[in-house]
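Single-letter residue listing:
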Amino acid sequence: MNQGWANARGHDPLAGIRDDIRNLPTENIAELALKAASLSGVIPLWYGEGDLVTPQFIRDAAKAALDQGMTFYVPDMRGLPALTSALSDYQTRLHGVDIPVQRSTVTPSGMHAVLLALELIVDKGDEVIFIEPQWPNIRSAIQLVGGVPVPFGLDFRDGDWRLDLERLMASCTSRTRAIFLPTPSNPAGWVASVEENKALLEFSRRTGIWILSDEVYARLYFEGEVAPSMLQIAEDSDRVLAINSFSKAWAMTGWRIGWLTHPSSVAGALGGMTQYMNSGTAGFIQAGAAAALTQGEPLVREIRERCRVGRDLAYEKLAPLPQTEFGAPPKGGMYVFFALKGEDDAKAACRHILESARVGLAPGHLFGEASKRFLRVCICRDAAQLSEAFDRIAKVLNA
């Protein structure tokens, strides 16, 4: 018997897997939700998910595709022609620049679009700077592909989250491969301005550093139809990858479908990667997504207004309390992010609110060092439910 094989048999199986995988953090928002399973009457505001069921017109399109027998492989693994054409029309109209079919690749979830983008450009040991507060999956995704996650914190000053562009650019090194930019931000609601996007694009052109622009919440923007986007200013040759998803603005979290907008020059490489990673996204799900794009503008407006109402309720009921610390209202997204004065342990604060008020919030330490004092509340919910949740929290804080 091979001695190496014999020696390995009694060892911990984890010793045989990659360090990058073995060391992935496992603490997440779901842990809090599981701990609350024994509690009654909890209002769950911890996940980034609204409470609307996917509308009938989207479900009908997917059902029709199933009834038509759309259960086979999609021949073009980068997307069903009906969806890639709809994506081209939608993005061209939305951003006011031509974004042809070959610049979009459909993915089975926005998270898969993140991984596809990272796998495309990141070599083992490459650094990826990510702006935080940041959805925790991003740090782990960078680690998953063998990159080195490098956090860069927004500054919370003068009652608002701000990006220090000069400091960000100065923090890049010869090992920096990409900057991951969430705009609008999950969880802070910060949005990169047109001027900040232009400065980062020019920096990318000078240095060759890629910009990964997470635009999943771009349509949930409270100052217009769409948040300022890299796609409005980038040329086809620029090193810009824009990540998007149908989950938030079209109430399709459980459908697991997103897309990546990219230079047309990498379309072939992404098609090959798709073949080996997942062999394409289910055709009937893509049919539902195509309907969302072609018929879904009223839905997008409804969800955006739902978030706006939720944001305003939080600022009406919680911001005036002497125990809370609120910044300027978020410009986009589906969250309000606030702190409790004198409380540095957001995890303990969330536990107290859960046990005493029966309201589930997400602690800010999950989103990075820049926000460990803060608590995230999802505001894409029924207004009456949010009002009840905020009244409960206020009662506990005033006790």
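Note that the coordinates shown come from a computational prediction; the quantities given were computed from them, not determined experimentally. (Residues numbered from 1 in each chain as written. Predicted model: local features only at pLDDT ≥ 70, side-chain atom pairs only at ≥ 80, totals over all residues. Heavy atoms only, no water.)

Asker: Requested: an account of helix α5 (residues 81-95), with residues and values cited.
Answerer: In this model α5 runs 21 Å from its N-terminal to its C-terminal C-alpha over 15 residues, within 8% of the 21 Å that 1.5 Å per residue would give. Burial in α5 covers these residues: Leu 83, Thr 84, Ala 86, Leu 87, Ser 88, Tyr 90, Gln 91, Leu 94 and His 95. Immediately beyond the C-terminal end of α5, within one or two residues, lies Gly 96, with a positive phi of roughly 75°. (Helix = DSSP H or I, 4+ residues; strand = E, 2+ residues; numbered from the N terminus. Expected span 1.5 Å × (residues − 1). Buried < 20%, exposed > 50% of the residue type's maximum accessible area, 1.4 Å probe, protein only.)

Asker: Tell me about the sheet that holds strand β7 (residues 176-182), and please be specific about residues and values.
Answerer: Read from one edge to the other, the open sheet built from seven strands follows the order β2-β10-β9-β8-β7-β3-β4, with strand pairing classed as mixed. Both edges of this open sheet fall to β2 (104-107) and β4 (148-153), since each of them pairs with a single strand only. Neighbouring strand axes in the sheet, compared pairwise and without regard to direction, differ in orientation by 20° on average. As defined by bridge partners, strand β3 (residues 127-132) adjoins β4 across six bridges and the pair is classed as parallel. Across the sheet, the residue bridging to Glu 127 is Val 148, located in β4. Most of the contacts of α5 go to β2, to which it runs at about 125°, and overall it touches β2 and β10 (258-261). (Pairing = 2+ DSSP bridges. Axes fitted to C-alpha atoms, helices over the stretch in contact; angles between N-to-C directions. Contact = heavy atoms within 4.5 Å.)

Asker: Outline the environment of Ala 234, listing residues and values.
Answerer: Relative to the elements of secondary structure, Ala 234 occurs in the loop between β8 (210-214) and β9 (240-245). According to the relative accessible area criterion, Ala 234 is buried, its value standing at 13%.

Asker: Quick rundown of the nonpolar core? Include the residues and the values.
Answerer: Within the largest apolar cluster, 62 residues are counted, with the highest numbers of intra-cluster contacts made by Leu 83, Leu 118, Phe 246, Trp 250 and Ile 257. Ignoring any residue separated from it by four or fewer positions in sequence, one finds Trp 250 in contact with Thr 54, Pro 55, Ile 58, Tyr 90, Ser 245, Trp 259, Ala 292, Leu 293, Gly 296, Leu 299, Val 300 and Ile 303. (Core = buried A, V, L, I, M, F, W, Y, C linked by side-chain atoms within 4.5 Å.)

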